[in-house]
Amino acid sequence: MNKEFKANVSPCTVTEEELLLINKLTVKELKAEEVFTFKVILCDNEVDRDCERFDIAALEKLAELFVGVTGIFDHNPCGGNQTARIFDTECETSKDKVTSCGDSYVCVKAKAYMPITGKNADLIAEIEAGIKKEVSVSCAVSSFTCSVCGGDMRHGSCGHIRGEVYGNRKCHCILSDVTDAYEWSFVAIPAQINAGVTKGFEKEYESTDNLIKTVRDGRCVKFTSEQAKELCSYITRLEKEAEDGRLFRKSLTDDTVRYALLAVPELDADTIRNLCYSAETAELINIKNAFRSKASEFIPLTPQLKAKKEKTQTDNNEFKF
Ligand SMILES: [Zn+2]
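First, a word on what this report is: a plain description of the structure on this page.

Criteria and cut-off values
- Residues numbered from 1 in each chain as written.
- Predicted model: local features only at pLDDT ≥ 70, side-chain atom pairs only at ≥ 80, totals over all residues.
- Heavy atoms only, no water.
- Phe/Tyr/Trp six-rings, centres within 6.5 Å; stacked < 30°, edge-to-face > 60°.
- Buried < 20%, exposed > 50% of the residue type's maximum accessible area, 1.4 Å probe, protein only.
- Helix = DSSP H or I, 4+ residues; strand = E, 2+ residues; numbered from the N terminus.
- Lys NZ or Arg CZ within 6 Å of the ring centre and 35° of its normal.
- Axes fitted to C-alpha atoms, helices over the stretch in contact; angles between N-to-C directions.
- Parallel < 35°, antiparallel > 145°, perpendicular 65-115°, else oblique.
- Contact = heavy atoms within 4.5 Å.
- Nonpolar A, V, L, I, M, F, W, Y, C, P; charged D, E, K, R; others polar.
- Donors = N, O, S within 2.8 Å, 3.2 Å for Na, K, Ca; no water.
- Tetrahedral: all angles 85-135°; square planar, octahedral: opposite > 155°, others 65-115°.

What about the packing of aromatic side chains?
Next, step 1: Summed over all chains, the structure comprises two aromatic pairs.
Next, step 2: Taken together, a centroid distance of 6.2 Å and an interplanar angle of 35° make the contact between Phe36 and Phe38 tilted. Phe38 shares its class with Phe36; the two are buried.
Next, step 3: Measuring from centroid to centroid gives 6.2 Å for Phe87 and Tyr113, while their planes differ by 55°, and the two rings are tilted. With a gap of 26 residues between them, Phe87 in strand E6 (residues 83-98) and Tyr113 in strand E7 (residues 104-115) connect regions that are remote in the sequence.
Next, step 4: Judged by its relative accessible area of 3%, Phe87 is buried.
Next, step 5: In this arrangement the basic side chain of Arg258 is found over the ring face of Tyr259, its NZ or CZ atom lying 5.2 Å from the centre.

Regarding the packing of helix H5 (residues 208-216) against helix H6 (residues 225-263)
Next, step 1: Contact geometry of H5 with H6 gives a least axis separation of 11 Å together with a crossing angle of 85°. Put simply, H5 runs roughly perpendicular to H6. Between H5, through Thr208, Leu211 and Ile212, and H6, the contact on the second element is made entirely by Glu230, Leu231 and Tyr234.
Next, step 2: Along the lines of polarity and charge, the residues of the contact of H5 with H6 split into four nonpolar, one polar and one charged.

Concerning the coordination of the zinc ion
Next, step 1: For the zinc ion, the protein coordination sphere consists of Cys146 (SG), Cys149 (SG), Cys158 (SG) and His160 (ND1), at 2.0 to 2.3 Å.
Next, step 2: Geometry at the zinc ion is tetrahedral, judged from its four donor atoms and the angles of 108 to 113° they form at the metal.
Next, step 3: Sequence spacing among the residues donating to the zinc ion works out to C-x2-C-x8-C-x1-H. Placement of the pair is Cys146 in strand E8 (residues 132-146) and His160 in the loop between E8 and strand E9 (165-166), with a sequence separation of 14 residues.
Next, step 4: The exposure class assigned to Cys146 is buried, which follows from its relative accessible area of 2%.

Written out as structure tokens, the structure is:
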């Protein structure tokens, strides 16, 4: 999974101790004047725009795993070789900042270095100017817990929906049990918050099927009013079809019970109703036809039914039951 985070990247001067940490990761020993170092916040425990947050243990694990991990700078298409490496991390708890959940704000602070070369000069100048960047971290987590009920949210099994309000609490997913940290990168911040999300929505979820799949996957989506209308009319259509289906099954069950009691008087209505209840609709049609055939052997049914009986005989429906 990828997580985006807005952060200030700030240059810092390298200390002797830090140089030792850096040189643990390098092939060739670097001197203080050969490296450029900067600080960056990788992630925190605030609920993000996907309605997800890391728990404290996850942040501590990420801090541990991100040491030595290389970062990429994707704002520059020619910047394939522009990489920085994290040499030190720490989980920092804020004394006066509180998250939207009311917890103390905790973030993973990282220190990264890159060799000072001609190739890196532009990037170093940008970082020195205090540019704000979006940091994207890529990691694997194995636990997805619902903030409302504590259930497993992976397959939407608890039924709560991220971003929906239950009582006075907004549901979100708590990410924990971090198993891997793959990479981190800088991406340009979209001009508006969520602008990228809306754009992605139009492209990715243009069909109702895709939209439903996304919701089923438990991902957070943002609708345009047109799309919301489309989804509502789709639900209304489904509700109407479901009601038709219920009426059809009720009438089918009533007929089956009637024919079954005529065909086999030893049976009782409740037993047949229970049998009908657990049968699929296609099976129920076969059962009804079989009882109707049998019943017509004892009692003359209406001419219309007789005509239909002939048809069912050609279908061999009696034998299906
Ligand atoms: Zn839940």
